[in-house]
Amino acid sequence: MIEIIAVGTPSLGDRSYLVTDGEVAFVVDPQRDVDRMLRLAERRGVDIRGVFETHVHNDYVTGGPALAAATGADYHVNAADPVAFRHCPIQDGDVIEAGDVCLRVLATPGHTFTHLSYALEVPGRTPAVFTGGSLLYGSTGRPDLLGPEYTDTLVRAQYASAHRLARELPPETEVYPTHGFGSFCSSAQSEEVTESTIGRESKTNPALTRGEEEYAEALLAGLDAYPAYYAHMAALNLAGPDAPDLSPPHRAGAAELRRRLRDGEWVVDLRSRTAFAAGHLPGTLNFGLDGGFAVHLGWLIPWGTPVTLLGATPEDVAEAQRELARIGVDRPAAAATGGPADWAGDGEKPASLPLATFADLSAVRRPVVVLDVRRHAEWRESHLPGAVNIPLHELPARLDEVPPGEVWTHCATGYRAAVAASLLAAAGRDVVAVDDTYPPGTG
């Protein structure tokens, strides 16, 4: 009885997989924090014999080398990838067996030049394919992450790879992608779809229902910005990252927090935007754990800037530390727990930040600046008359472009608006965060 267990990382929009016959197992595309996979294997009482990468990832740091080292498993990587660590090189057509599990290697370039998919073929079981960033649910992996000079070649390779999978695998083949659950590695999102088959994708996926030119044109037209930290992931993954150090960070007192703020370091408040608005340490930035914490922090922060984490509990700090390790921010400079009263020095008062709704905004009769921090594609689809659009990921470098006066920030749900408001407040601006759903009235 072959069991396929998805290990999701919703914060990054990815899934890893453990596949087992009840005695031995293999893992596809493990995340950096491999303790999750090790605990899963231990609970199942299975021995991990193989670790497989579909590609050199752009959106997270792989746990492949660390998992292989911890288990003694063979680490399978495309022979064409110039990795700097010990591995088992594989290529198109290879067949790898572990117990009753058999995987056939399929070259599926498009997301990267060396992308591989793995077909699971076991007698008596419905076939399955692990497609990484190739064929996704209702979409495909984006082809532009290696640079604009390669995008046209890769989008056409992606089209050909989707058709190869549809041509060579039976319609009932279950599809297990790594990306496509919110990851910016996907060219489009189909988050409502939780499972699929080759047959279903053949009827619904644009890569398989449209001609090549129509598919390529529509895909490229829909691409938007992706997180800046992606630029660092491939180099880390090619070097062979170790398991992260998730031990508690150094505990900072009030004096140290003030010093770090004066030195221009990032001191990040992990609490919800409502808690932050009610009271926070002046100069801190609000990236709540209740939203896209790691993606947005990794997108905005200058790479290498020390990060101090402020959480209500040690568990919150530990969660944030784990999230950051997945994108290569390995060790927070310091941490503190509690609330603003615990973090402020003697005589220092917490700051507050007003929250409002779109109804409140429409009732304002004084001049204010409406700052829309959604991405450009969202803005083009719809925006408020008279609003200024500076996407959140561009805001730190464009603070001086925000018009003078009182600023009301908004996004689609309130999370990015709160991050933007904290950035503006730290820069000394008079700001209100719209904690509401756009378009107005849709919440």
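Residues numbered from 1 in each chain as written. Predicted model: local features only at pLDDT ≥ 70, side-chain atom pairs only at ≥ 80, totals over all residues. Heavy atoms only, no water.

**Student:** Go over the overall build of the chain with me, naming the residues and quoting the values.
**Tutor:** Looking only at helices and strands, the chain features 15 helices and 23 strands. Taking 443 residues into account, the globule formula puts the C-alpha radius of gyration at 22 Å, and the chain, at 23 Å, falls close to it. Its C-alpha atoms put the chain at 70 × 50 × 35 Å along the principal axes. Counting across all 443 residues of the chain, residues that qualify as buried make up 56%. Expressed as a percentage of contacts within the chain between residues at least 6 apart in sequence, the contacts between residues at least 24 apart total 68%. (Helix = DSSP H or I, 4+ residues; strand = E, 2+ residues; numbered from the N terminus. Rg over C-alpha atoms; globule rule 2.2 N^0.38 Å. Buried < 20%, exposed > 50% of the residue type's maximum accessible area, 1.4 Å probe, protein only. Contact = heavy atoms within 4.5 Å.)

**Student:** Residue-level account of helix α3 (residues 148-168), with values.
**Tutor:** Taking 1.5 Å per residue as the helical rise, α3 with its 21 residues ought to reach 30 Å, and the 30 Å between its terminal C-alpha atoms agrees with that figure. Of all bends in α3, the biggest is about 25°, found at Leu 154. Every buried residue of α3 is listed here: Thr 151, Leu 154, Val 155, Ala 157, Gln 158, Tyr 159, Ser 161, Ala 162, Arg 164 and Leu 165. (Expected span 1.5 Å × (residues − 1). Bend = angle between axes of the 7 residues up to and from the residue.)

**Student:** Could you give me a rundown of the nonpolar core, with the residues and numbers involved?
**Tutor:** Among the nonpolar cores identified, the biggest contains 51 residues, and Val 268, Phe 287, Phe 293 and Leu 309 are the most heavily contacted of them. Ranked by the residues each element gives to this core, the list is headed by helix α15 (residues 415-426), at seven residues. Core analysis: the second largest hydrophobic core is formed by 39 residues, Val 28, Leu 103, Leu 135 and Ala 207 among them. (Core = buried A, V, L, I, M, F, W, Y, C linked by side-chain atoms within 4.5 Å.)

**Student:** Go over the packing of aromatic side chains with me, naming the residues and quoting the values.
**Tutor:** Given two aromatic rings, their pairing is described by the distance between the two centres and the angle made by the two planes. For the structure shown, the criterion picks out 15 aromatic pairs. On the basis of an interplanar angle of 85° and a centroid distance of 6.2 Å, the ring pair of Phe 26 and Phe 130 is categorised as edge-to-face. Of the two residues, Phe 26 is situated in strand β3 (residues 24-28) and Phe 130 in strand β10 (residues 128-132); the sequence distance between them amounts to 104 residues. Among the aromatic residues, those joined into a cluster by ring pairs are Tyr 17, Phe 26, Phe 52, Tyr 118, Phe 130 and Tyr 176. Stacked on the ring of Phe 181, the Lys or Arg Arg 15 has its end atom at 3.8 Å from the ring centre. Directly above the ring of Tyr 438 sits Arg 374, whose terminal nitrogen or CZ lies 4.3 Å from the centroid. (Phe/Tyr/Trp six-rings, centres within 6.5 Å; stacked < 30°, edge-to-face > 60°. Lys NZ or Arg CZ within 6 Å of the ring centre and 35° of its normal.)

**Student:** Break down the sheet that holds strand β15 (residues 266-269) for me, with residues and values.
**Tutor:** Each strand in a sheet pairs with its neighbour through backbone hydrogen bonds, running either in the same direction (parallel) or in the opposite one (antiparallel). Pairing is parallel in the open sheet, where four strands are placed in the order β16-β15-β17-β18. Edge positions in the open sheet fall to β16 (285-286) and β18 (334-337), since each of these has one partner strand only. Sheet analysis places strand β17 (residues 307-311) next to β18, joined by four bridges and oriented parallel. Paired with Thr 308 across the strands is Ala 334, a residue of β18. On top of the sheet, helix α11 (residues 314-325) reaches β17 and β18; it is set at about 145° to β17, its chief contact. (Pairing = 2+ DSSP bridges. Axes fitted to C-alpha atoms, helices over the stretch in contact; angles between N-to-C directions.)

**Student:** Tell me about the sheet that holds strand β23 (residues 431-434), and name the residues and values.
**Tutor:** The five strands are arranged β19-β23-β22-β20-β21 in an open sheet whose pairing can be described as parallel. The strands lining the two open edges of the sheet, one partner per strand, are β19 (355-356) and β21 (388-389). Bridging between β19 and β23 involves two bridges; their strand directions are parallel. Bridging from a neighbouring strand, Ala 356 pairs with Val 434 of β23. Here α15 sits on the sheet in contact with β20 (369-372), β22 (407-410) and β23, set at roughly 175° to β23.

**Student:** Outline unusual backbone geometry, supporting the account with residue identities and numerical values.
**Tutor:** Excluding glycine, most residues fall at negative phi; most peptide bonds, likewise, are trans. Here the amide bond leading from Tyr 438 into Pro 439 is cis, since omega sits at 0°, within 30 degrees of zero. Checked against the element boundaries, Pro 439 lands in the segment after β23. Positive phi, normally seen in glycine, also occurs at Asp 29, with a value near 55°. Along the chain, Asp 29 turns up in the loop between β3 and α1 (35-44). Judged by relative accessible area, which is 0%, Asp 29 ranks as buried.

**Student:** Any chance you could break down the pairing of β15 for me, citing the residues and the numbers?
**Tutor:** Along a regular strand, successive side chains alternate from one face of the sheet to the other. A two-sided burial pattern is seen for β15, the buried positions comprising Trp 266 and Val 268 on one face and Val 267 and Asp 269 on the other. Note that β15 and β17 share four bridges and pair parallel. Within the sheet, the bridge partner assigned to Trp 266 lies in β17 and is Val 307. Relative to β16, β15 is paired through two bridges, and the arrangement is parallel. Pairing of Val 268 across the sheet is with Leu 285, part of β16.

**Student:** Give a description of the side chain of Ser 186 that names residues and reports values.
**Tutor:** Of note, Ser 186 is situated in the loop between β13 (174-177) and β14 (196-197). Taking the relative accessible area as the measure of exposure, Ser 186 reaches 5% and is therefore buried. Filtering out sequence-adjacent residues up to four positions away, Ser 186 remains in contact with Leu 136, Ser 139, Thr 140, Gly 141, Arg 142 and Gly 180.

**Student:** Please set out a nonpolar patch on the surface residue by residue, giving values where relevant.
**Tutor:** Residues Phe 113, Leu 146 and Tyr 150 make up a contiguous nonpolar surface patch of about 260 Å² in total accessible area. By the element assignment, Leu 146 lies in the loop between β12 (139-140) and α3. You can call Leu 146 partly exposed: its relative accessible area is 34%. (Patch = residues over 30% accessible without salt bridge, like charges linked within 9 Å, V, L, I, M, F, W, Y side chains within 5 Å. Areas by Shrake-Rupley, 256 points an atom, 1.4 Å probe, with all protein chains shown as cover. Salt bridge = Lys/Arg side-chain N within 4 Å of Asp/Glu carboxyl O.)

**Student:** Provide a residue-level description of the environment of Pro 177, including the pertinent values.
**Tutor:** By secondary structure assignment, the location of Pro 177 is in strand β13. Among the residues examined, Pro 177 registers a relative accessible area of 0% and is labelled buried. Residues Pro 177 and Phe 130 lie 47 residues apart in sequence; the distance between their C-alpha atoms is 5.7 Å. Those residues within four positions of Pro 177 in sequence are excluded, and the remaining contacts are Arg 15, Tyr 17, Thr 131, Gly 132, Leu 135, Leu 136 and Tyr 137.

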